[in-house]
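# Working through the structure, step by step
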Amino acid sequence: MLLNEGKDSFLEEVVSFNDAKYVVVPVPLDITTTYLKGTKFGPRSVIEASRSLENYDFEVDYELKDKIFTLNELELSGDIRNAMEVINLSTSDLVSAGKIPVLIGGEHTATYGASLAFGEDVEFIIFDAHADFKPDFLKLEINHASNARLVNLRNNVSLIGIRSLNLEEKEELIKRKLLVITKDKINDDTSINSLINLIRGKKVYISIDMDVFDPSIAPGVGTPQPNGILYRDFLNYASAIIRNSALVGMDIMETRPLSDNNITEILAAKLIIDLVSLNELKNRH
Ligand SMILES: [Mn+2]
């Protein structure tokens, strides 16, 4: 495992691997992306964007310091199965070392690789515009449009912010009785309460596809989708999830840097700061 410190690290944190509780894993995966390529540049852009942000989190009211270690980018071959194995092994190493992995992507398929590093008791909460429940998309068993379905082979998944799927996927989600909070129900009290009831006291992994957000605040993604959620919606969910469960891992995926607009990577970096701050604030009390 190659290690980074100082100027190349997330939020310019300088902390030893041993002392850090969270470890950023840059995952430049961009193999099965279909519409707009470029997510492999996502991890670097998010880490760079983090350096323009304060380590005091205004929304959470927490000062983040000496918590996050940043690994070098994973070296991934062009073979998706092999890439899944590399992601699984890196994540497993961190879990065994007692760390909370923070994967930055890269195409969303990486979540499946990471999920293999966790026990079957971990609840996966996936924020995404897309259901990602397609079987064998483009004749590829492992691909970004099947990500949630693949994770659901071993772990329970809940989908938040969904607004793009086909009828087959819709029927499959109903058949499996998964908790799906579509974009139009995002602000209903019953939605957030049903999620809290499901995850209370359990271990959770939070996965964010940046396309869950409205394209007006996150235009730099591989497959933009109109009518997305807003930052405040996310914070409401994130704080409810973290207050009621035990966070074991997270990923922030699908950032695709644009040449003339960096607000997507700034938002992605802020989400990581928010999640870590919320979790630290909870553990401090
Ligand atoms: Mn998506």
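Residue positions are counted from 1 within each chain, in the order its sequence is given. With pLDDT at 70 or above as the cut-off, local features in this predicted model cover only qualifying residues; side-chain atom pairs require 80 or more to be listed or tallied, and sums for whole chains, interfaces and linings still use all residues. For side-chain calculations, the full set of non-hydrogen atoms in the structure is used, while hydrogens and water are omitted.

## Comments concerning the environment of Ile100
Inclusion rule: Only DSSP runs of H or I reaching four residues or more are called helices, and only runs of E reaching two or more are called strands; each is numbered from the N terminus. Only protein chains enter the area calculation, which uses a 1.4 Å probe; residues under 20% of their type maximum are buried, those over 50% are exposed, and those in between are partly exposed. Contacts were defined at the residue level, with two residues in contact if any of their heavy atoms lie within 4.5 Å.
One can find Ile100 in strand β5 (residues 100–105). The class of Ile100 is buried, set by a relative accessible area of 9%. When neighbours within four sequence positions are excluded, Ile100 is seen to be in contact with Lys21, Tyr22, Val23, Leu247, Val248, Gly249 and Asn279.

## Examining unusual backbone geometry
A cis amide bond links Gly105 with the next residue in sequence, Gly106, at an omega value of 20°. With respect to the helices and strands, Gly106 occurs in the loop between β5 and α3 (110–115).

## Topic: the coordination of the manganese ion
Test applied: Because water is not among the atoms used, a metal site may look incomplete, as its donors are only the N, O and S atoms within 2.8 Å, or 3.2 Å for Na, K and Ca.
On the protein side, the manganese ion has Asp128 (OD), His130 (ND1), Asp209 (OD), Asp211 (OD) and Asp211 (OD) as donor atoms, found 2.2 to 2.7 Å from it. We note that the donor set of the manganese ion lies within a single chain, spaced as D-x1-H-x78-D-x1-D. Neither residue differs from the other here; Asp128 and His130 are each classed as buried.

## Comments concerning the sheet that holds strand β4 (residues 68–70)
What counts is decided by this rule: Whether two strands pair comes down to DSSP finding at least two bridges between them. Interaxial angles span 0 to 180 degrees and are taken between N-to-C directions of axes, which are lines fitted to C-alpha atoms, for helices over the stretch in contact.
In spatial order, the strands read β4-β1-β5-β10-β9-β6-β7-β8; together these 8 strands make up an open sheet with parallel pairing. In this open sheet, the two edge strands, each paired with only one partner strand, are β4 and β8 (180–182). Across the sheet, the mean angle from the axis of one strand to that of its neighbour is 15°, orientation sign disregarded. Pairing of strand β1 (residues 22–27) with β4, which is carried by 3 bridges, proceeds in the parallel orientation. In the sheet register, Tyr22 faces β4, and the bridge partner there is Ile68. Sheet strands touched by helix α8 (residues 263–284): β1, β4, β5, β9 (203–209) and β10 (246–253). Its angle to β10, the strand with the most contacts, is close to 175°.

## Some remarks on the pairing of strand β6 (residues 123–127)
With 5 of its 5 residues buried, β6 lies for the most part within the structure. Burial along β6 is two-sided: the face carrying Glu123, Ile125 and Phe127 and the face carrying Phe124 and Ile126 are both buried. Relative to β9, β6 is paired through 5 bridges, and the arrangement is parallel. Paired with Ile126 across the two strands is Ser207, which belongs to β9. Pairing of β6 with strand β7 (residues 157–162), which is carried by 4 bridges, proceeds in the parallel orientation. Across the sheet, the residue bridging to Ile126 is Leu159, located in β7.

## Details of the packing of helix α1 (residues 42–50) against α8
Think of two packed helices as two axes; the pair is described by the angle between the axes and how far apart they sit. For clarity, the cut-off: Should an angle lie under 35 degrees it is considered roughly parallel, over 145 roughly antiparallel, and from 65 to 115 roughly perpendicular; all remaining angles are considered oblique. Throughout this entry, Asp, Glu, Lys and Arg are counted as charged residues, while Ala, Val, Leu, Ile, Met, Phe, Trp, Tyr, Cys and Pro are counted as nonpolar. The remaining residues, Gly among them, count as polar.
Where α1 contacts α8, the two axes come as close as 8 Å, and the packing angle between them is 70°. Between α1 and α8, the interaxial angle falls into the category roughly perpendicular. Contact residues: Ser45, Val46, Ala49 and Ser50 in α1; Glu265, Ile266, Ala268, Ala269 and Ile272 in α8. Grouping the amino acids of the contact of α1 with α8 by side-chain chemistry returns 6 nonpolar, 2 polar and 1 charged.

## Some words on the pairing of β5
The buried fraction of β5 is high, at 6 of 6 residues. As defined by bridge partners, β1 adjoins β5 across 6 bridges and the pair is classed as parallel. Note that in β5 the partner of Tyr22 across the bridge is Ile100. With 3 bridges joining them, β5 and β10 adopt parallel strand pairing. Paired with Leu103 across the strands is Asp251, a residue of β10.

## Focus on the pattern of salt bridges
What counts is decided by this rule: Any Lys or Arg side-chain nitrogen found within 4 Å of a carboxyl oxygen on Asp or Glu counts as a salt bridge.
Throughout the structure, instances matching the rule amount to 13 salt bridges. When the shortest N-O distance is used, the salt bridge between Glu280 and Lys21 registers 2.7 Å. Of this pair, Glu280 sits in helix α8 while Lys21 sits in the segment before β1, placing them 259 residues apart in sequence. Here Lys202 and Glu123 are joined by a salt bridge, their closest N and O atoms 3.5 Å apart. Taken together, the positions of Lys202 in the loop between α6 (189–199) and β9 and Glu123 in strand β6 put the pair 79 residues apart, joining distant regions of the chain.

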